[in-house]
Amino acid sequence: MSSVLAPESEVALFGHWICPFSTRVEFALVERTIPFALVDVPPTAARPPGYVVPDEFVRHSPRGEIPMVRVGDRYRADSLPILAWLEEVRNEPSLVPEGAGPAGLAWERAGWLDANLYPAMIGIYYGTDDRLVAGASDALGDTLVEIDRWLGDGEWLAGERISVAEAVMVPFYVRRRGLERLGLRAELPDRVARHEAATMDRPAGRAVAWSGEQTEEFVGRFERYRVSRRSR
Ligand SMILES: N[C@@H](CCC(=O)N[C@@H](CS)C(=O)NCC(=O)O)C(=O)O
């Protein structure tokens, strides 16, 4: 049975381009052709002087974190629960496709990426000395080996169809050039490189891809962060 969003159920994403968790949700909304309004709420560290947090965000966000999504008059925070909720509010086209692989594989892999790829990725940009950055880069390289193994079973991370696993993977692809500038040494295995190209070439991939300026802003932000930590 298909569920269709009622016309009054307008969707809004409270998020910001630099936040990988917002990118997951934005990718999923575009991939699933769910129309939405983007309410730009920069993370605290990226707010320009004088920025005023929208009242609606303050009132409905449980932890003051982006992403938050409104559907009609309901709100949800936290990217993975948001992705699950969006499957409930409108189930087609789904990012948890039946027949994509064994039941639950897409969520299992999305969870694995959240637990393994993200700490390594975040370890690179928050790494304050070369040893920490190199360790995070090696850990990230190990996750790429595992992801390459998954891609031996099909074109997508959880089988034959794009899924929530791609939504969780995409923020890595979006900031990969920036990560290389900040110390990522691991090469993309061939199948992962092909998967990156296929994913980022979709309308949803293009919607969340960074411009050169965005990559510069990301790199500059973390270079300054490193300098400030080293001079303490
Ligand atoms: N587990 C959350 C993490 C969200 C998160 O950490 N968001 C950051 C920005 S990337 C945030 O809003 N931090 C609070 C702040 O900047 O004040 C999710 O998956 O959505």
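It should be noted that the structure appears before, not after, this text.
The sections below set out a description of the structure shown in this document. (Residues numbered from 1 in each chain as written. Predicted model: local features only at pLDDT ≥ 70, side-chain atom pairs only at ≥ 80, totals over all residues. Heavy atoms only, no water.)

Okay, the overall build of the protein chain next. The secondary structure content of the protein chain amounts to 10 helices and four strands. Beginning at the N terminus, the succession of helices and strands in the protein chain can be written as β-α-β-α-β-β-α-α-α-α-α-α-α-α. The globule rule puts the C-alpha radius of gyration for 232 residues at 17 Å, and the 18 Å found for the protein chain is close to it. Considering only C-alpha atoms, the protein chain reaches an extent of 55 × 50 × 25 Å along its principal axes. Expressed as a percentage of its 232 residues, the buried residues of the protein chain come to 49%. Taking all contacts inside the protein chain whose residues are at least 6 apart in sequence as the whole, residues at least 24 apart take part in 73%. Just so you have it, the protein chain exposes about 11500 Å², and 51% of that area is on carbon and sulfur atoms. (Helix = DSSP H or I, 4+ residues; strand = E, 2+ residues; numbered from the N terminus. Rg over C-alpha atoms; globule rule 2.2 N^0.38 Å. Buried < 20%, exposed > 50% of the residue type's maximum accessible area, 1.4 Å probe, protein only. Contact = heavy atoms within 4.5 Å. Areas by Shrake-Rupley, 256 points an atom, 1.4 Å probe, with all protein chains shown as cover.)

This brings us to the pairing of strand β3 (residues 68-71). Burial along β3 is two-sided: Met68 and Arg70 facing one way and Val69 and Val71 facing the other are all buried. In terms of strand pairing, strand β1 (residues 11-15) meets β3 through four bridges, oriented antiparallel. What sits directly across from Ala12, in β3, is Arg70. Here four bridges tie β3 to strand β4 (residues 74-77), and the two strands are oriented antiparallel to one another. Within the sheet, the bridge partner assigned to Val71 lies in β4 and is Arg74. (Pairing = 2+ DSSP bridges.)

Moving on, we get to helix α4 (residues 105-125). Between its first and last C-alpha, α4 extends 29 Å over 21 residues, near the 30 Å set by a 1.5 Å rise per residue. When the local axis directions of α4 are compared, the greatest deviation, roughly 35°, occurs at Leu117, which is followed within four positions by the proline Pro119. Buried within α4 are the following residues: Leu105, Ala106, Arg109, Ala110, Leu113, Leu117, Tyr118, Ala120, Met121, Ile124 and Tyr125. Structurally, α4 contributes buried residues whose contacts are with α1 (20-31), α5 (130-150), α6 (164-174), α7 (176-181) and α10 (212-230). (Expected span 1.5 Å × (residues − 1). Bend = angle between axes of the 7 residues up to and from the residue.)

Tallied over the full model, the rule gives 13 aromatic pairs. Look at Trp112 and Trp150: their rings are 5.2 Å apart centre to centre, the planes differ by 70°, and that puts the pair in the edge-to-face class. Of the two residues, Trp112 is situated in helix α4 and Trp150 in helix α5; the sequence distance between them amounts to 38 residues. According to the relative accessible area criterion, Trp150 is buried, its value standing at 3%. Ring plane angle 50° and centroid distance 4.6 Å describe the contact between Tyr125 and Phe222, whose orientation is recorded as tilted. Here Tyr125, found in helix α4, pairs with Phe222, found in helix α10; they are 97 residues apart in sequence, far enough to count as distant. Of the two residues examined, Tyr125 and Phe222, each falls in the buried class. (Phe/Tyr/Trp six-rings, centres within 6.5 Å; stacked < 30°, edge-to-face > 60°.)

Attention shifts here to the site of the ligand. In the vicinity of the ligand, the residues found are Cys19, Phe21, Pro43, Thr44, Gly64, Glu65, Ile66, Pro67, Asp78 and Ser79. Residue Ile66 places a main-chain N or O atom 2.8 Å away from a nitrogen atom belonging to the ligand. Interatomic distance of 2.6 Å between a side-chain N/O atom of Ser79 and an oxygen atom of the ligand. A class-by-class count of the residues in the shell around the ligand yields five nonpolar, three polar and two charged. (Near = heavy atom within 4 Å. Polar contact = N/O pair within 3.5 Å; in protein donor to acceptor, adjacent residues only side chain to side chain. Nonpolar A, V, L, I, M, F, W, Y, C, P; charged D, E, K, R; others polar.)

This part takes up the environment of Asp190. Checked against the element boundaries, Asp190 lands in helix α8 (residues 190-200). What makes Asp190 exposed here is its relative accessible area of 59%.

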